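Single-letter residue listing:
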Amino acid sequence: MPHAESPPSEFNPSQHPPFPSGLPTVPLETISLSKLLARDPEEQTRVFEICKGRGFFYLDLAGSPAGDTLFQGADAIARAGERTFALPVEEKMRYLMGAAGPAGQPRQLFGYKQVGATLADKATGVRDTAEFFNVAKDDMTAPCADPVDMPRRGASWPSTILEQRDLFAGYMRAAHGVGMLILGLLVDKLGVDPQEIWNRHRLGELAGDHVRITRGPPREKEEMPEIQTPSHTDFGTITILMNWLGGLQVWSESSRSALLTDGQPDVPGEWLWVVPKPGCAIINLGDAAVKFTNGVFCSGRHRVIPSPGAQGKFPRYSVVYFVRPEDDVVMETLEGEGIPKPPQAEKDKEERLTASEWIYRQAMGLGTQFPGSK
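Structural notes, computed from the coordinates. Computed from a prediction, not measured in an experiment: that's the story for all the values here.

1. Structural notes on the pairing of strand E10 (residues 248-251)
Of the two faces of E10, the one carrying Leu 248 and Val 250 and the one carrying Gln 249 and Trp 251 are both buried. In this sheet, strand E13 (residues 302-304) lies alongside E10 in antiparallel orientation, the contact comprising three bridges. Note on E13: the bridge partner recorded for Leu 248 is Val 304.

Below is the structure:
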């Protein structure tokens, strides 16, 4: 009896057409991961200056085991995501993000986000067009036989994720290590012992770190009115993105606001395309890096729209790892000779928030709706 053929994969980068020419693009610099690992002083200075400016750059993954893990693992995770998104809607809704957290903690930001759960434009009420799945670092790397037996986040996961737990765990460890390498050398340049930033982001402690697998639908109209992910700055400390198609855009001017306002850029400029670069991750800093350094570094504003030109005929997948401070870390500025001290009056009136509280507020400010929220 012949076997039933598997349906063709919609995630097939080898079939993607090239990024079209003639569009306004951003000239991001490329940093070598292998040179950073070798503590190359010139490369360290380059990434430091980049992070004081736009806060976005390409990271060439060639020449290191961690880079190989990210390069090869991203494809496999995207395929696991494809199988997850192909589940029936009622099955995906079983894993909806926004479940109640542990006692005294905000809602969880892990699990499934359905299309339209985020407000893309507050003026018009238009909602986003992408779906994603946030896979918690704490569950995938937990020292137990199966996160179903001992989920640290109290969440359940679909079989399409659980059967790839080792893949996720290895990817998360590599991505977390790369993020902490970069953060350590950045704060060292500011006269801060790298251990200070590492102690706020320990791999084995509960934190908001996760892999996000996103599927943006093919473009519906030539003029590309859809917003897959609205204008925002990332909530965490550093972000490692792997993608294969265009769609990511950054605001042309540097933004140093560590708090979301109305979701729109806070300085004049224009949206510029980020062209995916083979063999490279895209790195950007988040709001926590701005907070920890009192504005020395930049959390670049960005958004995602459908891929341009012929690329828009394909669904857009991306795999992101977010490095976030540990849940119980108080969001306070680090002390170092290169970090300006906030005025005492400002410190006195500042609300002392833990990272879990602070990030939850950021998510709500973006217009994300959770079950039962208004």
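2. Here's the deal with a negative patch on the surface
A grouping of Asp 188, Asp 193, Glu 196 and Glu 335 is seen on the molecular surface, where their side chains present a negatively charged patch. Within the secondary structure layout, Asp 188 lies in helix H7 (residues 165-188). In this structure Asp 188 comes out as partly exposed when scored by relative accessible area, which is 44%.

3. Concerning the side chain of Lys 291
Turning to its location among the elements, Lys 291 is positioned in helix H9 (residues 287-292). Overall, the relative accessible area of 19% leaves Lys 291 in the buried class. If we skip the residues at most four places from it in the chain, Lys 291 touches Met 331, Thr 333, Glu 350 and Trp 358.

4. A short note on the packing of helix H3 (residues 65-85) against H7
The relative placement of two packed helices comes down to the angle between their axes together with the axis-to-axis distance. It is the contact of H3 with H7, at a shortest axis distance of 9 Å, that shows an interaxial angle of 135°. In terms of orientation, H3 and H7 fall into the oblique class. As for the relative orientation of H3 and H7, their crossing is left-handed in sense. Contacts between H3 and H7 involve Ala 66, Thr 69, Leu 70, Gly 73, Ala 74, Ala 76, Ile 77 and Ala 80 on the former and, on the latter, Leu 167, Phe 168, Gly 170, Tyr 171, Ala 174, Ala 175 and Val 178.

5. Some details on the pattern of salt bridges
Counted according to the given criterion, the structure contains eleven salt bridges. Note that Arg 83 is salt-bridged to Glu 163, the shortest N-O span being 3.9 Å. In this pair, Arg 83 sits in helix H3 while Glu 163 sits in the loop between helix H6 (159-162) and H7, placing the two residues 80 residues apart along the sequence. A relative accessible area of 36% places Arg 83 in the partly exposed class. The residue Arg 202 makes a salt bridge to Glu 326 at a minimum N-O spacing of 2.9 Å. One end of the pair, Arg 202, is in the loop between helix H8 (194-198) and strand E7 (210-216); the other, Glu 326, is in the loop between strand E14 (316-323) and helix H10 (344-349), with 124 residues separating them in the sequence. Assessed through its relative accessible area of 41%, Arg 202 is described here as partly exposed.

Rules used throughout
Note that residues are indexed from 1 along each chain, following the sequence as it is written. Given that this is a predicted model, residues contribute local features only at a pLDDT of at least 70 and side-chain atom pairs are listed and counted only at 80 or more, while totals for whole chains, interfaces and linings are drawn from all residues. Heavy atoms throughout the structure, all of them, feed into the side-chain values; hydrogens and water do not. To sort residues, take the accessible area from a 1.4 Å probe on protein chains only and compare it with the maximum for the residue type: under 20% means buried, over 50% means exposed, and anything in between is partly exposed. Going along the chain from the N terminus, every DSSP run of H or I of four or more residues is numbered as a helix, and every run of E of two or more is numbered as a strand. Pairing between two strands is assigned when DSSP locates at least 2 bridges connecting them. A patch is a set of surface residues, each over 30% in relative accessible area and not in a salt bridge, joined within 9 Å for like charges and within 5 Å for the nonpolar side chains Val, Leu, Ile, Met, Phe, Trp and Tyr. Values of accessible area rely on a 1.4 Å probe in the Shrake-Rupley scheme; residue burial ignores everything except the protein chains shown. A carboxyl oxygen of Asp or Glu within 4 Å of a side-chain nitrogen of Lys or Arg is what we treat as a salt bridge. In summary, the charge assignment counts Lys and Arg as positive and Asp and Glu as negative, without counting His or the chain termini. For charged residues, the charge sits on one atom: NZ in Lys, CZ in Arg, CG in Asp, CD in Glu. Any two residues whose heavy atoms approach within 4.5 Å are treated as being in contact. Axes, fitted as lines to C-alpha atoms, cover a helix only where it is in contact. Angles between the N-to-C directions of the axes lie from 0 to 180 degrees. Note that the term roughly parallel is reserved for angles under 35 degrees, roughly antiparallel for angles over 145, roughly perpendicular for angles of 65 to 115, and oblique for everything else. For any pair of crossing helices, the crossing counts as left-handed if the nearer helix is rotated counterclockwise from the farther one by less than a right angle, and right-handed if it is rotated clockwise.

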